[in-house]
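Per-entry structural report
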Amino acid sequence: IQRGSMPELYASDIPWDRFWSSYMQSYLERDVRELVNLRNERKFFDFMVACAARSGQLFNASDIANSIDVDYKTIQSWTSILKASGIICILQPFWPNAGKRVTKTPKLYFMDTGLVCNLTRWNTPEQLRNGAMAGHVFETFVVSEVLKSYMNSGANLRDVWFYRDSKKREIDLVIQDGHVLHPVEIKIGVQINRSAVKNFACLENMTDYEVGFGHVICQTTEPYLLSEEVQAIPVWAI
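This report concerns the structure included in the present document. (Residues numbered from 1 in each chain as written. Predicted model: local features only at pLDDT ≥ 70, side-chain atom pairs only at ≥ 80, totals over all residues. Heavy atoms only, no water.)

What follows deals with the layout of surface pockets. Space inside the second largest pocket adds up to approximately 290 Å³. Every residue along the wall of the second largest pocket is listed here: Ile1, Gln2, Arg3, Pro125, Leu128, Arg129, Ala134, Val137, Phe138, Ile188, Gln219 and Trp236. Those elements giving two or more residues to the lining of the second largest pocket turn out to be α8 (125-129) and α9 (134-153). Tallied by class, the residues present in the lining of the second largest pocket amount to 8 nonpolar, 2 polar and 2 charged. (1 Å grid on protein atoms, 1.4 Å probe; cavity = no way out; pocket = protein on both sides within 12 Å on 5 of 7 lines; lining within 4 Å. Points joined across faces, edges and corners; volume = space filled by probe spheres on them. Helix = DSSP H or I, 4+ residues; strand = E, 2+ residues; numbered from the N terminus. Nonpolar A, V, L, I, M, F, W, Y, C, P; charged D, E, K, R; others polar.)

Here strand β10 (residues 230-234) lies mainly inside the structure; 4 of its 5 residues are buried. Pairing of strand β9 (residues 224-227) with β10 involves 3 bridges; the strand directions are antiparallel. Paired with Leu225 across the two strands is Gln231, which belongs to β10. (Buried < 20%, exposed > 50% of the residue type's maximum accessible area, 1.4 Å probe, protein only. Pairing = 2+ DSSP bridges.)

What follows concerns the environment of Leu82. Examined against the element boundaries, Leu82 turns out to sit in helix α5 (residues 72-84). On the basis of relative accessibility, which here comes to 0%, the residue Leu82 falls in the buried class. As for Leu82 and Leu58, which are separated by 24 residues in sequence, their C-alpha atoms are 16 Å apart. With residues near it in sequence (within four places) discarded, Leu82 still touches Tyr27, Phe44, Phe47, Met48, Cys51, Ile87 and Ile88. (Contact = heavy atoms within 4.5 Å.)

With that out of the way, let us pick up the nonpolar core. If you look at the biggest cluster of nonpolar residues, it comprises 38 residues, and the most contacted ones within it are Tyr27, Phe44, Phe47, Met48, Ile75, Leu82 and Phe110. Element by element, the count of residues in this core is highest for helix α2 (residues 16-35), at 7 residues. Other than its neighbours up to four places away in sequence, Phe47 contacts Ile64, Ile68, Ile75, Trp78, Thr79 and Leu82. (Core = buried A, V, L, I, M, F, W, Y, C linked by side-chain atoms within 4.5 Å.)

Turning our eyes to something else, we now look at helix α4 (residues 61-68). Among all positions in α4, only Ala61, Ile64, Ala65 and Ile68 are buried. What you see down the axis of α4 is that its buried residues fit within an arc of 100°, all on one side. As for α4, its buried residues are in contact with α3 (41-52) and α5. (Arc of directions from axis to C-beta.)

Moving on, we come to the sheet that holds strand β2 (residues 88-91). Pairing within the open sheet is antiparallel, and its 3 strands lie in the order β1-β3-β2. Sheet topology places β1 (57-58) and β2 at the edges, where each strand pairs with a single neighbour. Relative to strand β3 (residues 107-110), β2 is paired through 4 bridges, and the arrangement is antiparallel. Residue pairing for β3: Leu91 is matched across the bridge by Lys107.

Below, the discussion takes up the packing of α2 against α3. Running from amino to carboxyl end, α2 crosses α3 at an angle of 110°, the nearest separation of the two axes being 12 Å. Taken together, the axes of α2 and α3 are roughly perpendicular relative to one another. You can see that α2 and α3 cross each other, and the crossing is right-handed. Contact residues: α2 offers Met24, Tyr27, Leu28, Glu29, Val32 and Arg33, while α3 offers Glu41, Phe44, Phe45 and Met48. Here the contact of α2 with α3 is composed, by residue class, of 7 nonpolar, no polar and 3 charged. (Axes fitted to C-alpha atoms, helices over the stretch in contact; angles between N-to-C directions. Parallel < 35°, antiparallel > 145°, perpendicular 65-115°, else oblique. Left-handed = near helix turned anticlockwise from the far one by under 90°.)

With that settled, the discussion passes to the side chain of Thr113. Within the secondary structure, Thr113 sits in helix α7 (residues 113-120). Within the local environment of Thr113, its side chain forms a polar contact with the backbone oxygen of Ile1, the two atoms lying 2.6 Å apart. (Polar contact = N/O pair within 3.5 Å; in protein donor to acceptor, adjacent residues only side chain to side chain.)

So, about α9. If you check α9, its first and last C-alpha atoms are 29 Å apart, about what 20 residues at 1.5 Å a residue would give, namely 28 Å. One or two positions beyond α9, positive phi appears at Gly154, with a value near 75°. (Expected span 1.5 Å × (residues − 1).)

This paragraph deals with the packing of aromatic side chains. Tallied over the full model, the rule gives 8 aromatic pairs. Measuring from ring centre to ring centre gives 5.2 Å for Phe44 and Trp78, while their planes differ by 70°; the resulting arrangement is edge-to-face. One end of the pair, Phe44, is in helix α3; the other, Trp78, is in helix α5, and 34 residues separate them in sequence. In this structure Phe44 comes out as buried when scored by relative accessible area, which is 0%. (Phe/Tyr/Trp six-rings, centres within 6.5 Å; stacked < 30°, edge-to-face > 60°.)

With that settled, the discussion passes to the pattern of salt bridges. If you walk through the whole model with that rule in mind, you get 10 salt bridges. Of the charged contacts, one joins Arg54 and Asp63 as a salt bridge, the two residues approaching to 2.9 Å between their closest N and O atoms. Taking the shortest distance from any N to any O, the salt bridge between Glu139 and Lys107 comes out at 3.1 Å. Taken as a pair, Glu139 in helix α9 and Lys107 in strand β3 lie far apart in primary sequence, 32 residues in all. Residue Glu139 is classed as buried on the basis of its relative accessible area, which comes to 9%. (Salt bridge = Lys/Arg side-chain N within 4 Å of Asp/Glu carboxyl O.)

Below is the structure:
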């Protein structure tokens, strides 16, 4: 998770930090400049660091704008660049009223945790494991792997959501299959108890939808049932 998913990191002896530094240089000088007339490369790099530090969290463009001293419209434009070039995904919240979904706050996820760790300077697996971002990076890894599996199979990414209501009750992922909603919780631990899935019940009151089988993705070595309707599975299985 700390090293990232780029094949070249495993097919050569290139040091981790050198690889990602070269990757960022190429990305800024080639890919970004093809999409926008970038006047301040350093500011864009700072923007990427700010986004990486917030991977797995609610996306607040105003907060990022204030942190790097640029305007809100610039953040919107730069966010579109990261999305268009496959660096990040903006995950939308599920809401039964489709017209209201656009007013809800989405979440930001990087598509490669190695880039997140490089930008935020978690330089070794040990540093990351014991650091403040361990949970968010683990969640980023799981969500990005789920999204990649959808893209690789040609499935509809619009069937992958998260849930958050006015009481701040959250479900990390909601996988929609027609009118069946499959809740998924992501936990960095090994042994998970039933309290981890208490928010799954939030979906039961949604008119026109039913709640399907749920999962907790964690670091267990073997799958086990938390209830008749929820199973804990190893992160390695996804």
